[in-house]
Amino acid sequence: MGIFERYLSLWVGLSIALGVALGLWQPQVFEVIATLEVASVNLVVAVFIWVMIYPMMVQIDFAAVKDVRKNPQGLILTLVINWLIKPFTMAALGWLFFKVLFIDFVDPESAQEYIAGMILLGVAPCTAMVFVWSQLTKGDPNYTLVQVSVNDVIMVFAFAPITALLLGVSDIQVPWETLLVSVVLYVLLPLIAGVITRKKLNAKGSQGLGVLLSTLKPWSMVGLLATVVLLFGFQANTIVSQPQTIALIAVPLVLQTYGIFIIAYLAAKWMKLPHNIAAPASLIGTSNFFELAVAVAISLFGLHSGAALATVVGVLVEVPVMLSLVAIVNRSKNWFNQA
């Protein structure tokens, strides 16, 4: 394990602090970067995510993807968690905290919007960052690709109906451009680039691929840290100006993340999945497609709404919480069979 992976929590913490500091010091720079969007997808963030996941895509061996059908339990677990459990537990926790436990701290209208934002996060399973969590836990990259691909297909058909059901509104205007552009930028294009790279290197000899992956591996972590700096720079003023509100929203989001992980991880052990499948299968359900959630919250409730703020808080808590789960997964490897 290299210095980046060994001290990743420290680097992420420093990146969070740097992002907030830069966002407060040079807000106009982040305002300009925030305008570089296509269909509500920030292109600068997309570039950093590319740097992050391209090395992982190079590892994917399409000849081995077909082997997923020999062990479908991990895929089944992912789909059950993402579409039959997670959206509904998120809605239940939102109601519990903002309609019961935190009722004296927020007004009813804001409470409803916070719940709506949480629901949007719960109905949007992660697309890009999953590859990072899978790599950090030495998950099967081929299996992870299939999990993400199937989730993306289901999301196209299931996101709007489930969101409408849980929000209690009938006219959900899903920004399909955001959904499709994100999938293309974060999954399809880097996957194609990875396949082409792998094919060319394999044609030149057996060692070329290993050399390239060793060279690119640190850049994958650099992409992650740069993404963290940008995301926290974008939200620096919100973090400083509304700390109490952010803390209130963060509590149920953190509980939801750990709760979903516990359910998925214990189920993976009960199903006797190998660790390199159990790890991404459990983590994929705990991470969120925050770009889509933020875009839908803004389109439905407005840029300065409580729903939009709740989705932003989801971004703020995700990286630190997911890193803690990665550490748990890596330390409990002996619980599972090894593939």
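## As for the overall build of the protein chain
Then comes step 1: Scanning the protein chain for helices and strands turns up 16 helices and two strands.
Then comes step 2: Counting only residues that meet the buried cut, the protein chain has 54% of its 339 residues in that class.
Then comes step 3: Contacts in the protein chain between residues at least 24 apart in sequence constitute 86% of all its contacts with a sequence separation of at least 6.
Then comes step 4: Working note: accessible area of the protein chain is about 14,900 Å², and carbon and sulfur atoms make up 68% of it.

## Side note on the packing of aromatic side chains
Then comes step 1: What the rule picks out here adds up to nine aromatic pairs.
Then comes step 2: Here the aromatic rings of F261 and Y265 are separated by 4.9 Å at their centres, their planes lie at 20 degrees, and the arrangement is stacked. Of this pair, F261 and Y265 both sit in helix α13 (residues 243–270), four residues apart, which is roughly one turn of that helix. By the burial criterion, F261 is buried, and Y265 matches it.
Then comes step 3: The positively charged end of K269 is found above the aromatic ring belonging to F336, 6.0 Å away from the centroid.

## Some details on the nonpolar core
One broad rule of soluble globular proteins: the nonpolar side chains tend to lie buried together.
Then comes step 1: Ranked by internal contacts, the top residues of the largest apolar core, which has 99 residues, are F98, V132, W133 and Y186.
Then comes step 2: Broken down by element, the residue count for this core peaks at 14 residues, all from helix α16 (residues 306–331).
Then comes step 3: Counting six residues, the second largest nonpolar core, distinct from the first, contains Y54, V58, A193 and L209.

## Observations concerning the environment of T215
Then comes step 1: Along the chain, T215 turns up in helix α11 (residues 207–234).
Then comes step 2: Judged by relative accessible area, which is 49%, T215 ranks as partly exposed.
Then comes step 3: Each C-alpha atom, one on T215 and one on P55, is 9.3 Å from the other, the two residues being 160 residues apart in sequence.

## Focus on a nonpolar patch on the surface
Then comes step 1: Taken together, the side chains of V184, L188, L189, I192 and I196 define a hydrophobic patch exposed on the protein surface, amounting to about 380 Å² of accessible area.
Then comes step 2: Inspection of the secondary structure assignment puts I196 in helix α10 (residues 176–204).

## Comments concerning helix α8 (residues 129–136)
Then comes step 1: With seven of its eight residues buried, α8 lies for the most part within the structure.
Then comes step 2: For α8, the set of buried residues is M129, V130, F131, V132, W133, S134 and L136.
Then comes step 3: Of the residues flanking the end of α8, it is K138, one or two places downstream, whose phi is positive at about 60 degrees.

## Some words on the confidence of the model for the protein chain
The predicted coordinates of low-pLDDT regions are not to be read in fine detail.
Then comes step 1: Per-residue confidence for the protein chain gives a mean pLDDT of 82, with 89% of residues at or over 70.
Then comes step 2: In the model of the protein chain, helix α1 (residues 3–6) stands out as the element of lowest mean pLDDT, 61, in contrast to α13, which has the highest, 93.

## Details of the packing of helix α7 (residues 108–122) against α13
Then comes step 1: Two elements in contact, α7 and α13, have axes whose closest approach is 11 Å; the angle formed by their N-to-C orientations is 45 degrees. Relative to α13, the element α7 is oriented oblique. By crossing handedness, the relation of α7 to α13 is classed as right-handed. For the pair formed by α7 and α13, the contact residues are Y114, M118 and L121 on the first element and T245, I249, P252 and L253 on the second.
Then comes step 2: Of the residues in the contact of α7 with α13, the class split is six nonpolar, one polar and no charged.

## Quick notes on unusual backbone geometry
Then comes step 1: If you check the backbone angles, K138 has positive phi at about 60 degrees while not being a glycine.
Then comes step 2: Position of K138 among the secondary structure elements: in the loop between α8 and α9 (141–167).
Then comes step 3: With phi around 60 degrees, K272 is a residue other than glycine that occupies positive phi space.
Then comes step 4: Assignment of secondary structure puts K272 in the loop between α13 and α14 (275–283).

So, how was this worked out
- Residues numbered from 1 in each chain as written.
- Predicted model: local features only at pLDDT ≥ 70, side-chain atom pairs only at ≥ 80, totals over all residues.
- Heavy atoms only, no water.
- Helix = DSSP H or I, 4+ residues; strand = E, 2+ residues; numbered from the N terminus.
- Buried < 20%, exposed > 50% of the residue type's maximum accessible area, 1.4 Å probe, protein only.
- Contact = heavy atoms within 4.5 Å.
- Areas by Shrake-Rupley, 256 points an atom, 1.4 Å probe, with all protein chains shown as cover.
- Phe/Tyr/Trp six-rings, centres within 6.5 Å; stacked < 30°, edge-to-face > 60°.
- Lys NZ or Arg CZ within 6 Å of the ring centre and 35° of its normal.
- Core = buried A, V, L, I, M, F, W, Y, C linked by side-chain atoms within 4.5 Å.
- Patch = residues over 30% accessible without salt bridge, like charges linked within 9 Å, V, L, I, M, F, W, Y side chains within 5 Å.
- Salt bridge = Lys/Arg side-chain N within 4 Å of Asp/Glu carboxyl O.
- pLDDT = per-residue confidence, 0-100.
- Axes fitted to C-alpha atoms, helices over the stretch in contact; angles between N-to-C directions.
- Parallel < 35°, antiparallel > 145°, perpendicular 65-115°, else oblique.
- Left-handed = near helix turned anticlockwise from the far one by under 90°.
- Nonpolar A, V, L, I, M, F, W, Y, C, P; charged D, E, K, R; others polar.

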